[in-house]
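Observations on the model geometry
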Amino acid sequence: MSPEKRRKRTKKRRRQDWEFEGDRAYTRELKRHLKTTTAIKSSGAAADVPEYFEPNAEVLEHTKKWAFVLWNGEEVECRIDESIVEDRSTLLAPGDDVLVEKVEDKLYVRAIAPRRTQLARPSIEGSRVAEQVVAANIDILVIVASVKKPRLKRGVVDRYLILAERGGVEPVICLNKIDLADTANDPLEDYVRLGYRVIRTSALDGEGLHELKALLHGKRAVFAGQSGVGKSSLLNALSPKLDLDTQHVSEATEKGRHTTTAARLYRIDAETHIIDTPGIRQLGIGSIDERDLPLYFPEFSEPSEHCKFRNCTHTHEPDCGVQAAVETGDISERRYGSYLHLLDSLQE
């Protein structure tokens, strides 16, 4: 990417006062601090539930007033206790550990245990809460993308990687529909170089499914990605008894149609739980301080130590180590462009 092109793309970006000292340098200590300050929702409970309680059920799916939970080994429908107050996050998510009690022969969700991890995204405008928790208490986020139909959108992958980091979840990138690949080039080479786990699969011919199933065994995972990338098809291939609905991608628009309308937890076997989520068309990354955005691009870590200014935004400043690394090819131009795009969205 030439300096002239970069100046064109960043000429409207707000300039900052340059400093030689500051407290926002990319350090391991700051990244650890960032993880501890990322909000994971605390427990919610009805007023008469003790502060310390033992969860006895797992949320499979929910609506605003009802939850379907695994309780005493069977799926049951419960009403959500109206006295549990919703905070900045949605009250329930598949994977939540909850306390279910019987009140006058009716089952109620009476309390929600603290979440150890989560996948959350910003709520739609006008919502009562700031973020929608899609899945709770998960070990792995499987970011499902496709070679084509719909085409691979690496920017969506980058956003999911940020959400995984914020939620304390290990990300795995699953490139599906590799039976449609017509080139020897690896479209995910950038991520492999950065050390991310990448699995290539085909729900059609079964390639990569053994590796994926082995990775998921004994874990609670969530499948997420664009509409039409084949999340439900992969789940059917991993566990045919699920028999989930699937649909073809539009030939005209190359966009998928929503077959999964609500996030739902499925038991693949006694030790493996997978949450299927609705496909997305757009994905926000939430209220990240724009100064912290470089922390979510691990390849910026070492080059940023050579920046002249400690609060360098890596956009327009002279003697920027990150921009120099882009010029030499040590940082992918595509990943750097994704950073600029996300930075612009945070500054709007």
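Look a little higher up for the structure.
Residues numbered from 1 in each chain as written. Predicted model: local features only at pLDDT ≥ 70, side-chain atom pairs only at ≥ 80, totals over all residues. Heavy atoms only, no water.

1. A short note on empty space enclosed by the protein
Rules: Using only the protein atoms, space was sampled on a 1 Å grid; points where a 1.4 Å probe fits but cannot get out form cavities, open sets with protein on both sides within 12 Å along at least five of seven lines form pockets, and lining residues are those with an atom within 4 Å of a point. Grid points are joined across faces, edges and corners, and a volume is the space filled by probe spheres set on the points. Secondary structure elements follow DSSP: runs of H or I of four or more residues count as helices, runs of E of two or more count as strands, with numbering from the N terminus. Any residue outside Ala, Val, Leu, Ile, Met, Phe, Trp, Tyr, Cys, Pro, Asp, Glu, Lys and Arg is labelled polar, Gly included; the first ten of those are nonpolar and the last four are charged.
Enumeration over the complete set of coordinates arrives at 1 cavity of 30 Å³ or more. In terms of lining residues, the largest cavity is bounded by Lys213, Leu216, Leu238, Ile268, Thr272 and Ile274. Elements represented by at least two residues in the lining of the largest cavity include exactly α5 (209-216) and β14 (272-276). When the residues that make up the lining of the largest cavity are grouped by side-chain class, the tally is 4 nonpolar, 1 polar and 1 charged.

2. Some thoughts on α5
This is how it is decided: For the exposure calls, accessible area comes from a 1.4 Å probe over protein chains only, and a residue counts as buried if that area is under 20% of its type's maximum, exposed if over 50%, partly exposed in between. What the arc covers is the set of directions going from the helix axis to the C-beta atoms.
When we look at burial in α5, the residues that qualify are Leu209, Leu212, Leu215 and Leu216. Across the axial projection of α5, the buried residues extend over an arc of 125°, all falling on one side. Residues of α5 that are exposed and point more than 90 degrees away from the buried face comprise His210 and Ala214. Just downstream of α5, Gly218 is the residue with a positive phi angle, here 80°.

3. Here we look at the pairing of β14
For clarity, the cut-off: Note on pairing: DSSP must find at least two bridges between two strands before they are called paired.
Among the 5 residues of β14, 5 are classified as buried, and the element is accordingly described as predominantly covered. With burial as the criterion, each face of β14 is covered, one bearing Thr272, Ile274 and Asp276 and the other bearing His273 and Ile275. Judged from the 4 bridges that link them, strand β12 (residues 220-225) and β14 form a sheet pairing that is parallel. By the bridge assignment, Ala221 is partnered in β14 with Ile274. Relative to β14, strand β13 (residues 264-269) runs antiparallel, the two being bridged by 5 bridges.

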